[in-house]
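Structural description and commentary
One letter stands for each residue in the lines below.
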Amino acid sequence: AGYAYATGWLTPDRLTPQAIIASFQTDFGRHDGYRRNHAKGVCVIGHFDGNGNASPYSRALVFGNLRTPVIGRFAVPGGNPSVADTANPVRSLALQFTLPNGEQWRTGMNSTPVFVVNTPQGFYDNLQASRPLPGTGKPDPAKLQAFFDAHPESAAFRQWVKAHPPSSSFTNTRFYSINAFELVDRNGNSHLARWSVIPQAAYAPLTPEAKAAPDSLQHDLIDQLSHGPARWRLQLQLAQPGDPGNDATKAWPEDRPVIDAGTLTLERAVTQDDGPCRDINFDPTILPQGIRPSDDPLLAARSGAYARSYQLRTSEQAARHAAQGEQP
Ligand code: HEM
């Protein structure tokens, strides 16, 4: 059984990273060299100043009283690199922290506190139901309704999106890990937690003009960072016994203890075509000592799908550079 599981092709019905990536390509088209999801984005460079507050819960060096360099990427969902920035209400921020001992912490966060589904199969079903129809370019409403009926756990996500109109900028958006992780302290005890980054800039709604401009969020970001850095506080929310760590559709109650772990400062934006985020796979299971994945089944599925997407897009990039006679 182990052999069949490892090889995949002997178990064609198993939901593989290949099947998930093929489904993205059917929904959004194939765009060589780009991420198969969150294809449109921009690289950012900055740092994180830890303050020691999270050190009793996690022995990760990043939470000490020190500065850690960060490479990040703001993006919008979907596999189309030419989509309008505001076509989808969700935005993302991915970060790679490089710790003093060379370890890395990579995280990919979205601007909603919960996810639309809580299993890889649910995500696959959502991709299938969202497939654009050839005539309209829009999903079949009946298929979408059938998906929502079969996945009542998606209601919390839809209600949150309805109640929270998108903000005017990447820099006044809060981003959430959504998935839970285990913080591991110096004594080896683990603490179930989620994190988010909370913007220093106040919420303002997106204007109709910005909503209509295809690259408004990217242009706004580049303009803002040219005048000075943007900042977020990194907050850890600690679970209490009974809070599920394996259900990304369920927020934990608001009264759970939170730790202000430090400040994220982003200083510079660089295009993704030649910026330092291009060749990073923001796999959320790449974690330093002191942070471990929870038993959330989405994490392993994300890791597999991101690896497949990374393998495709980096080999396509290399082929393009070789055709142009350049070094990649
Ligand atoms: C089973 C569920 C999921 C699947 C199959 C999936 C799939 C993908 C894929 C294929 C990519 C492109 C990766 C690359 O080429 O580097 C991606 C990017 C991304 N995903 Fe997911 N995703 C899932 C769930 C989530 C969740 C729950 C979140 C939010 C917490 C999330 C946040 C992101 C972000 C932030 C990026 C962009 C990373 C970057 O800027 O490079 N995804 N996703």
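Naming follows an unreviewed UniProt entry, where the chain appears as Catalase-related peroxidase of Duganella callida. Taken from UniProt, the Sequence similarities (unreviewed entry) comment for the chain reads in full: "Belongs to the catalase family."

Turning to the overall build of the chain, a few remarks are in order. From N to C terminus, the chain includes 8 helices and 10 strands. In terms of overall size, the chain behaves like a compact globule, its C-alpha atoms giving a radius of gyration of 20 Å where 328 residues would be expected to give roughly 20 Å. Referenced to the eigenvectors of the C-alpha coordinate spread, the extents of the chain come out at roughly 55 × 50 × 45 Å. Nonlocal contacts in the chain, meaning residues at least 24 apart in sequence, comprise 73% of its contacts between residues at least 6 apart.

Turning our eyes to something else, we now look at the site of the ligand. If you check the shell around the ligand, you find 30 residues, and the closest are Arg35, His38, Ser92, Gly108 and Ser309. Put simply, the parts of the chain that give the shell around the ligand at least two residues each are strand 2 (67-76), strand 3 (92-98), strand 4 (104-110), helix 3 (120-129) and helix 8 (297-323). Looking at which element gives the most residues to the shell around the ligand, the answer is helix 8, with 8 residues. Grouping the constituent residues of the shell around the ligand by class yields 15 nonpolar, 10 polar and 5 charged.

Our focus in this paragraph is the pairing of strand 8 (residues 230-238). Here strand 7 (residues 190-199) runs beside strand 8; their pairing, made up of 7 bridges, is antiparallel. If you follow Trp195 over to strand 8, its bridge partner there is Leu236. In this sheet, strand 9 (residues 258-271) lies alongside strand 8 in antiparallel orientation, the contact comprising 8 bridges. By the bridge assignment for strand 9, Ala230 is matched with Leu266.

UniProt records the feature "active site" (unreviewed entry) for His38 in the present numbering. Once residues within four sequence positions are removed from consideration, His38 is found in contact with Ala75, Val76, Pro77 and Ser92.

Structurally, the position occupied by Leu266 is in strand 9. Here Leu266 falls in the buried class, since 25 other C-beta atoms lie within 10 Å of it. Residues Leu266 and Tyr124 lie 142 residues apart in sequence; the distance between their C-alpha atoms is 34 Å. Among residues more than four places away in sequence, those in contact with Leu266 are Val44, Gly46, Gly72, Leu225, Pro229 and Ala230.

Quick look at the packing of helix 2 (residues 17-28) against helix 8 now. The interhelical angle for the contact between helix 2 and helix 8, taken along N-to-C directions, is 65°, at an axis separation of 8 Å. Pair helix 2 / helix 8 crosses with right-handed handedness. Note on element contacts: helix 8 touches helix 2 through Gly304, Ala305, Ala307, Arg308 and Ser309, opposite Pro17, Gln18, Ile20 and Ile21. Each residue belonging to the contact of helix 2 with helix 8 can be placed in one class, and the counts come to 5 nonpolar, 3 polar and 1 charged.

Here the focus is helix 3. Those residues of helix 3 that fall on the buried side of the exposure criterion are Pro120, Gly122, Phe123 and Leu127. Burial along helix 3 is one-sided: seen end-on, the buried residues are contained in an arc of 160°. Considering only its buried residues, helix 3 is in contact with helix 2 and helix 8.

Moving on: helix 7 (residues 216-227). When the terminal C-alpha atoms of helix 7 are compared, their 17 Å separation across 12 residues agrees well with the 16 Å that a helix rising 1.5 Å per residue should span. Among the residues of helix 7, Leu217, Gln218, Leu221 and Leu225 are the ones counted as buried. Mapping the buried residues of helix 7 onto a view down its axis gives an arc of 100°, with all of them on the same face. Exposed side chains of helix 7 directed beyond 90 degrees from the buried face belong to Asp223, Ser226 and His227. The elements touched by buried residues of helix 7 are strand 1 (40-50), strand 2, strand 8 and strand 9.

Thresholds applied
- Residues numbered from 1 in each chain as written.
- Predicted model: local features only at pLDDT ≥ 70, side-chain atom pairs only at ≥ 80, totals over all residues.
- UniProt positions renumbered as here; feature names shortened; annotations may be inferred.
- Helix = DSSP H or I, 4+ residues; strand = E, 2+ residues; numbered from the N terminus.
- Rg over C-alpha atoms; globule rule 2.2 N^0.38 Å.
- Contact = placed C-beta atoms within 7 Å.
- Near = placed C-beta within 6 Å.
- Nonpolar A, V, L, I, M, F, W, Y, C, P; charged D, E, K, R; others polar.
- Pairing = 2+ DSSP bridges.
- Buried ≥ 20, exposed ≤ 12 C-beta atoms within 10 Å, placed from the backbone.
- Axes fitted to C-alpha atoms, helices over the stretch in contact; angles between N-to-C directions.
- Left-handed = near helix turned anticlockwise from the far one by under 90°.
- Arc of directions from axis to C-beta.
- Expected span 1.5 Å × (residues − 1).

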